[in-house]
Amino acid sequence: MSDSLTRLASKMADDVLEVQDITGEDRLFMELAEVIGSASQTLEEAFLTEVRIRLAERTGRRFLNQKIAEAKAAQQGGTAG
């Protein structure tokens, strides 16, 4: 992938996820992908990859934060008794 393709797809992924967070439209990225794809399938694919990476990171981060919270709660519960 070219640097410009990656840069553009990355920026657009950041932007669409920001709008999704504000509006609650959790499939907006798919609508945008259709718009992009009508002009460039290459950019569409790169954009969708960037969005999926970010969504996966969010999911992984929530999971990890939950595990950290559970571990802290278990430590506090174990030392309080």
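Whatever comes next refers back to the structure up there.
This structure is a prediction, so every number in the text was calculated from the model and none was measured.

A. Layout of helix α1 (residues 3–23). Relative to the 30 Å expected for 21 residues at 1.5 Å per residue, α1 spans 30 Å between its end C-alpha atoms, a close match to the ideal helical length. One or two positions beyond α1, positive phi appears at Gly24, with a value near 80°.

B. Structural view of the packing of α1 against helix α2 (residues 28–39). Two elements in contact, α1 and α2, have axes whose closest approach is 9 Å; the angle formed by their N-to-C orientations is 140°. Viewed along their axes, α1 and α2 adopt a mutual orientation that is oblique. The handedness of the crossing between α1 and α2 is right-handed. Contacts between α1 and α2 pair Met12, Val16, Val19 and Gln20 from the former with Leu28, Phe29, Leu32 and Ile36 from the latter. Here the residues of the contact of α1 with α2 are counted per class, giving seven nonpolar, one polar and no charged.

C. Looking closely at a negative patch on the surface. On the surface, a cluster of negative charge is contributed by Glu25, Asp26, Glu31 and Glu34. Relative to the helices and strands, Glu31 is located in helix α2. You can call Glu31 partly exposed: its relative accessible area is 48%.

D. Examining a nonpolar patch on the surface more closely. A contiguous nonpolar surface patch, about 300 Å² in accessible area, is contributed by Phe63, Leu64 and Ile68. On the secondary structure map, Leu64 appears in helix α3 (residues 41–80).

E. Main features of the pattern of salt bridges. Summed over all chains, the structure comprises six salt bridges. A salt bridge links Arg54 to Glu50; the shortest N-O distance between them is 2.7 Å. Taken together, the residues span about one helical turn, with Arg54 and Glu50 both in helix α3 at a distance of four residues. Residue class for Arg54 comes out buried when judged on its relative accessible area of 18%.

About the cut-offs
Residues numbered from 1 in each chain as written. Predicted model: local features only at pLDDT ≥ 70, side-chain atom pairs only at ≥ 80, totals over all residues. Heavy atoms only, no water. Helix = DSSP H or I, 4+ residues; strand = E, 2+ residues; numbered from the N terminus. Expected span 1.5 Å × (residues − 1). Axes fitted to C-alpha atoms, helices over the stretch in contact; angles between N-to-C directions. Parallel < 35°, antiparallel > 145°, perpendicular 65-115°, else oblique. Left-handed = near helix turned anticlockwise from the far one by under 90°. Contact = heavy atoms within 4.5 Å. Nonpolar A, V, L, I, M, F, W, Y, C, P; charged D, E, K, R; others polar. Patch = residues over 30% accessible without salt bridge, like charges linked within 9 Å, V, L, I, M, F, W, Y side chains within 5 Å. Areas by Shrake-Rupley, 256 points an atom, 1.4 Å probe, with all protein chains shown as cover. Salt bridge = Lys/Arg side-chain N within 4 Å of Asp/Glu carboxyl O. Lys, Arg positive; Asp, Glu negative; His and termini not counted. Charge placed at Lys NZ, Arg CZ, Asp CG, Glu CD. Buried < 20%, exposed > 50% of the residue type's maximum accessible area, 1.4 Å probe, protein only.

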